[in-house]
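# Breakdown of the fold
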Amino acid sequence: MSIKTNASGYDMCRQPGSRPLEIVQYPYPTLRHKSKPVRRVDKELRKMVDEMFELMFASKGVGLAANQVDLPVRLFLLNEAGNPDEAESHVFINPIVTRPKGSEEKEEGCLSFPELYAPVKRPASVHVSAYNLKGEEFEGEVDGLFGRIVQHETDHLDGVLFIDRLSTTATMQVKEEVETFERQFASMQERGEIPEDDAIAKRVAELEDRYC
Ligand code: ZN
């Protein structure tokens, strides 16, 4: 599949009052948010995409969905190598995944679950169509690692996490680690290091009004 690179130049100017993006960890509520399609791409959104790329590469990730940085917009990034010098970077806006074929089980991880890995069974190939930052539509059959990232990230946009797709055995194997994430989140929220759920929901609704 051939897709143009969409990453634009990094804009150092920050709008007054905006805060830097951060990757949020499970069970941050926005990770369960089903994102609505993006209807508007403005300078601010492009800047957030640039910041998302920086975060993804700094964390050695190969994909990053907007709700992983607390943004309720239907877009994700992909770079198969996790390195801009080694592979092309892609932005998928409003992706639609169809035509699943075959089945393949591979180990997956997620930047919202640091250090947690588990085998996930997914279709071996799917068809995806999406838009880039210029509003141009692209599509193609995707398989292998690329296809797996597309499926994992599109799941994120629907509020679905890879731990939802594990076998019963794998679910039991990761249960303790998942509960540790839940406990850590609860105590950080209690200490005020993470906003309360209603404050998170309010911000998400404001961003949704702006872009969706
Ligand atoms: Zn993920």
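What this report covers is the structure whose coordinates are included nearby. Given the structure is predicted, the values throughout are model-derived calculations rather than measurements. Numbering of residues starts from 1 in each chain and follows the order in which that chain's sequence is written. Restriction of local features to residues with pLDDT of at least 70 applies here, the model being predicted, together with a cutoff of 80 or more for giving and counting side-chain atom pairs; totals for whole chains, interfaces and linings are based on all residues. Remark: hydrogens and water are excluded; side-chain values derive from all non-hydrogen atoms of the structure.

## A word on the sheet that holds strand β7 (residues 137–143)
Strands in a sheet are paired, the pairing made by backbone hydrogen bonds, and the direction either parallel or antiparallel. An order of β1-β2-β3-β6-β7 is seen for the five strands of this open sheet, with the pairing classed as antiparallel. In this open sheet, the two edge strands, each paired with only one partner strand, are β1 (63–65) and β7. When the angles between neighbouring strand axes are averaged without regard to direction, this sheet yields 40°. For strand β2 (residues 75–78) and strand β3 (residues 90–101), the ladder comprises four bridges, and the chain directions are antiparallel. From the neighbouring strand, L75 faces β3, where its bridge partner is I93. We call two residues in contact when some of their heavy atoms are within 4.5 Å. Interaxial angles span 0 to 180 degrees and are taken between N-to-C directions of axes, which are lines fitted to C-alpha atoms, for helices over the stretch in contact. For the purposes of this entry, the term helix denotes a DSSP run of H or I that reaches at least four residues, the term strand denotes a run of E that reaches at least two, and both are numbered from the N terminus. Against the sheet, helix α1 (residues 43–58) engages β1, β2 and β3, with an angle of about 40° to β2. In the packing of helix α2 (residues 144–157) onto the sheet, the strands contacted are β1, β2, β3, β6 (125–131) and β7, and the crossing angle to β2 comes to about 155°. We treat two strands as partners when DSSP finds at least two bridges between them.

## Overview of the side chain of E51
Here E51 shows up in helix α1. On the basis of relative accessibility, which here comes to 8%, the residue E51 falls in the buried class. A 3.5 Å cut-off defines polar contacts: any pair of N or O atoms within that distance qualifies, except that in protein one atom must be a possible hydrogen donor and the other a possible acceptor, and neighbouring residues in sequence count only when both atoms are side-chain atoms. Only 3.0 Å separates the side chain of E51 from the backbone nitrogen of L21, close enough to count as a polar contact. Burial classes follow relative accessibility: with a 1.4 Å probe on protein chains only, a residue under 20% of its type's maximum area counts as buried, one over 50% as exposed, and anything between as partly exposed.

## Remarks on the coordination of the zinc ion
In this listing, donors mean N, O and S atoms no farther than 2.8 Å from the metal, or 3.2 Å for Na, K and Ca; water is missing from the atoms, so a site can look incomplete. Bound to the zinc ion on the protein side are C110 (SG), H152 (NE2) and H156 (NE2), at distances that span 2.0 to 2.2 Å. Of the residues examined, C110 reaches a relative accessible area of 10% and is grouped as buried. According to the relative accessible area criterion, H152 is buried, its value standing at 7%.

## Side note on the pairing of β2
Residues L75 and L77 point to one face of β2 and F76 and L78 to the other, with burial holding for every one of them. Note: β1 against β2, three bridges, orientation antiparallel. Each bridged residue has a counterpart across the sheet, and for L64 the counterpart in β2 is L77.

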